[in-house]
Amino acid sequence: RFTAQEARAEAQVAVVSEATARLLWPNRDPIGNTVEVVGGEMGERYAAGKYNVVGVVPDVASGIFNGGPDRTAIYLPTAPGERRNRVLLLRTRDASPATITHLKKICAESGSVHACRPETLRETVTTLRFPFVAASSVSTVLGVLALVMTCIGLYGGVAFTVIQRTREIGVRIALGANPRSVVRSIVGQSMLRVTLGIALGIPLCIVFSIIAGNLLYLIKTFDLTAYVATTLFLAAVTFLAAYLPARRAAAVDPMIALRCQ
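Cut-off values and rules
Every chain is numbered independently, its residues counted from 1 as its sequence is written. Local features in a predicted model are, by the rule used here, given only for residues with pLDDT of at least 70; side-chain atom pairs are given and counted only at 80 or more, and totals for whole chains, interfaces and linings are based on all residues. Side-chain figures throughout are based on the complete set of non-hydrogen atoms in the structure, without hydrogens or water. Every residue gets a pLDDT, meaning the predictor's confidence in that residue, from 0 to 100. Helix and strand labels come from DSSP, where a helix needs a run of H or I of at least four residues and a strand needs a run of E of at least two; each type is numbered from the N terminus. Only Phe, Tyr and Trp rings take part, Trp by its six-membered ring, and two of them pair if their centres are within 6.5 Å. Stacked means planes under 30 degrees apart, edge-to-face means over 60, and tilted covers everything else. Any residue under 20% of the maximum accessible area for its type is buried, any over 50% is exposed, and the rest in between are partly exposed; the area is computed with a 1.4 Å probe on protein chains only. Residues qualify for a patch when their relative accessible area is over 30% and they have no salt bridge, like charges being joined within 9 Å and the nonpolar side chains of Val, Leu, Ile, Met, Phe, Trp and Tyr within 5 Å. Using a 1.4 Å probe, accessible areas were evaluated by the Shrake-Rupley method; residue-level cover was limited to the displayed protein chains. Salt bridge, as used here, is a side-chain nitrogen of Lys or Arg placed within 4 Å of a carboxyl oxygen of Asp or Glu. Working note: the arc is built from the helix axis to C-beta atom directions. Here, axes are lines fitted to C-alpha atoms. For helices the fit covers the stretch in contact, and angles between N-to-C directions go from 0 to 180 degrees. Each angle receives one of four descriptions, namely roughly parallel if under 35 degrees, roughly antiparallel if over 145, roughly perpendicular if within 65 to 115, and oblique otherwise. Handedness of a helix crossing follows the sense of rotation of the near helix relative to the far helix, less than a right angle counterclockwise being left-handed and clockwise being right-handed. It only takes one pair of heavy atoms within 4.5 Å for two residues to be counted as in contact. Each residue is assigned to one class: nonpolar for Ala, Val, Leu, Ile, Met, Phe, Trp, Tyr, Cys and Pro, charged for Asp, Glu, Lys and Arg, and polar for all the others, Gly among them.

Let's talk about the confidence of the model for the protein
Averaged over all residues, the pLDDT of the protein equals 80, while 85% of them reach at least 70. The least confident element of the protein is helix α3 (residues 40–45), whose mean pLDDT is 51; the most confident is helix α2 (residues 18–24), at 90.

Some words on the packing of aromatic side chains
One pass over the full model with this rule turns up 1 aromatic pair. Ring plane angle 5° and centroid distance 5.5 Å describe the contact between Phe-239 and Tyr-243, whose orientation is recorded as stacked. Taken together, the positions of Phe-239 and Tyr-243, both in helix α8 (residues 224–251) and 4 residues apart, correspond to about one turn of that helix. Tyr-243 sits in the partly exposed class, given a relative accessible area of 28%.

Details of unusual backbone geometry
Unusually for a residue other than glycine, Asn-27 sits at a positive phi of about 60°. As for its placement among the helices and strands, Asn-27 is situated in the loop between α2 and β2 (34–37).

Here's the deal with a nonpolar patch on the surface
Together, Leu-204, Val-207, Phe-208, Ile-211 and Leu-215 make up a nonpolar patch on the protein surface, roughly 530 Å² of accessible area in all. In this structure Leu-215 comes out as exposed when scored by relative accessible area, which is 59%.

Some remarks on helix α6 (residues 166–174)
What α6 keeps buried is the set Thr-166, Ile-169, Gly-170 and Ile-173. One side of α6 holds all its buried residues, which, seen down the axis, span an arc of 100°.

As for the packing of α6 against α8
Running from N to C, α6 and α8 cross one another at 45°; their axes reach a closest spacing of 9 Å. In this view, α6 runs oblique relative to α8, as classed from their interaxial angle. Both α6 and α8 take part in a crossing whose hand is right-handed. Here Thr-166, Ile-169 and Ile-173 of α6 lie close against α8, whose contacting residues are Ala-246, Ala-249 and Ala-250. For the contact of α6 with α8, a count of residues per class yields 5 nonpolar, 1 polar and no charged.

Comments concerning the pattern of salt bridges
A side chain with one charge may pair with a side chain of the opposite charge, provided their charged atoms come close. Overall, the coordinates contain 1 salt bridge when judged by the stated rule. Between Arg-22 and Asp-59 there is a salt bridge, and its shortest N-O distance comes to 3.2 Å. With a gap of 37 residues between them, Arg-22 in helix α2 and Asp-59 in the loop between β3 (49–57) and β4 (74–75) connect regions that are remote in the sequence.

Next comes the structure, spelled out in structure tokens:
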């Protein structure tokens, strides 16, 4: 970190990120080396020139979630209230309205050329996160609708298949089969098909999660709870879709079931 004297004097010193150090001085100690700032955004906000590296700090991610850590970052000293110091981060004991008002007063009295708009770090983070929170909410709603439609289709498909076997169930019971055994057999066959589908689908989902995780930064793409809960929920829907029609068919008189078309 910079000393107060370096900040007041705007000394020709700089602190660089670890990524910058690796890029400019691979396998070497960057402390004591010189980095030059020329043109571009940095050149407009800071005086172009050569700066002596006095420290190295961890990398940060200042872009959106698919940008990852910044490839380069250089920090230069500046004193509070200076023209090129546009943002000042303060630690306070509380964030009450009285504190915000007091900060505005101090800012106005300092003669800063920039507008004074104090806000808490939580408010800043909330503003920056809003687009992603909105997108997440929309995705959640769409995901729930997709799950509901999947359950409706799954229930309807399985139930229709079981109903089509009403005649078979009647024949088996008429030949002396135990109704419970027949129901258990029908449910087991239906659960086996869904289990095979889940066994094939989960690995594909995991692969896509890994691919998405490699493209995004600090975004969790694999949630074991979601996988387990969704799997159990679909299994429960399948069980009910097979069990209820099979039980109704097994409870019907075999002669009536045999006449069922």
